[in-house]
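# Survey of secondary and tertiary structure
Residue-level listing of the chains:
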Amino acid sequence: MGNDVFGLIYTGESSMQLRDLTYSRSVAAVPFAGRYRCIDFIMSNLVNTGISNVGIIAQKNYHSLMDHLGSGKEWELHRKRDGLFILPPFVTRDNTGIYRGTIDAYHSVMGYIRRSSQKYIIISGSHTVFNTTFHDMIAQHIRTGADITFMYNEVGIHHPDDQFNELRFNLAEDGRVTGIQLNPNQPATPHSSCDVVMMEKTTFEYLIEDAYSRGDTDFLRDVLLRKVGELKMYGWRYDGYVGCISSLPGYFNHNINVLKSEVRRDLFNPEHPIYTKVKDEVPARYKGDSKARNCLVADGCVIEGEVENCVLFRGVHIGKGTKISNCVVLQACDIQEDCELSYVILDKG
């Protein structure tokens, strides 16, 4: 079923709430859960659905993202036909190389979209982590005859810090979308977008060309919100774990949540694995009187002190006599002897 669908991932999100984590990298390349990047999840979800044509729209700070993705080998997207297409901004008569918004970005890659032979398109951002396949969503989209299908989940407590292109849906009993709120301060509904949208390729082309001709800039605000009454929109509900990486508290909490066994089982379901760039390093080493309790420790780490409730990325060193708890420590950090850290995010190196 996924053979007639291609994926388009927009990686130009620039949430100011993530601050230094996105100073030199895109949101898509932000490290997550010890050895992964945020984009690994949506990429793996598409590939596990059988989708073999994936386009990545890059906007800025995409050096580390391109280094991570490479030829797409880890996702089996290095192939003669279709495969992985990285689409950085480039200067033409119509495109200055700087996108004013998502409509500009989608319009700039219209050549790639038109060349794609698949009938349907799945559009996604890169700041949401979850693990599923889109077989049921595709089947529902075709069965209902929808113009647009949104993937959504049920959200409990509302966190204003995580308002980053957040869509909330009002749904009828049959799942049809009757209203949309964008970044509501007080949401009227628990139905929150997972940042995945499906439609026919021809519908997407028409919507983008029409919006571009009017000088519109934002696909969510200028197209989807305005078209609720005109187009047949449905929601497809996903009940698994969803993490929105749109603020420092959100980034910290979703990393720490991976220490819970039920979250790990959901995010790293072996039936549809999450793929990432492979780096062959030695296993983690625990020296002397070191202690580790309830931690996620990547390969290449050397622990001489005590760690508790922490996520340690590749190549982290914890010095002798050092105690850290409730921390997220990114790749190649060196915490030397006799330190004490609690509730800290340490960036790479």
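Here's a quick rundown of the structure. (Residues numbered from 1 in each chain as written. Predicted model: local features only at pLDDT ≥ 70, side-chain atom pairs only at ≥ 80, totals over all residues. Heavy atoms only, no water.)

## Some points on the packing of aromatic side chains
In total, this model carries 13 aromatic pairs according to the counting rule given. For the ring pair Tyr 106 and Phe 219, a centre distance of 5.7 Å and an interplane angle of 85 degrees mean the geometry is edge-to-face. Taken together, the positions of Tyr 106 in helix 3 (residues 102–108) and Phe 219 in helix 7 (residues 219–224) put the pair 113 residues apart, joining distant regions of the chain. Since its relative accessible area comes to 5%, Phe 219 is described here as buried. Note on Phe 204 and Phe 219: the rings are 5.8 Å apart at their centroids and 75 degrees apart in plane angle, and the pair reads as edge-to-face. In this pair, Phe 204 is assigned in helix 6 (residues 201–213) and Phe 219 in helix 7, connecting sequence segments 15 residues apart. For Phe 204, a relative accessible area of 0% corresponds to the buried category. Feature note: the residues Tyr 10, Tyr 106, Phe 204 and Phe 219 constitute an aromatic cluster, connected by ring pairs. The ring of Tyr 36 carries Arg 35 above its face, with NZ or CZ at 5.3 Å from the centroid. (Phe/Tyr/Trp six-rings, centres within 6.5 Å; stacked < 30°, edge-to-face > 60°. Helix = DSSP H or I, 4+ residues; strand = E, 2+ residues; numbered from the N terminus. Buried < 20%, exposed > 50% of the residue type's maximum accessible area, 1.4 Å probe, protein only. Lys NZ or Arg CZ within 6 Å of the ring centre and 35° of its normal.)

## Examining the pairing of strand 11 (residues 191–200)
Buried residues dominate strand 11, accounting for eight of its ten residues. With five bridges joining them, strand 6 (residues 120–124) and strand 11 adopt antiparallel strand pairing. Note on strand 11: the bridge partner recorded for Ile 121 is Met 199. Direction of pairing for strand 8 (residues 148–154) relative to strand 11: antiparallel, over a ladder of six bridges. Considered in strand 11, the bridge of Ile 148 is made with Met 199. (Pairing = 2+ DSSP bridges.)

## Describing the sheet that holds strand 17 (residues 302–303)
Within the open sheet, the four strands sit side by side as 14-17-20-23. Their pairing is parallel. Strands with a single pairing partner mark the edges of an open sheet, and in this sheet they are strand 14 (285–286) and strand 23 (334–335). The sheet contact formed by strand 17 and strand 20 (residues 317–318) spans two bridges and is parallel. Bridge assignment links Val 302 to a residue of strand 20, and that residue is His 317.

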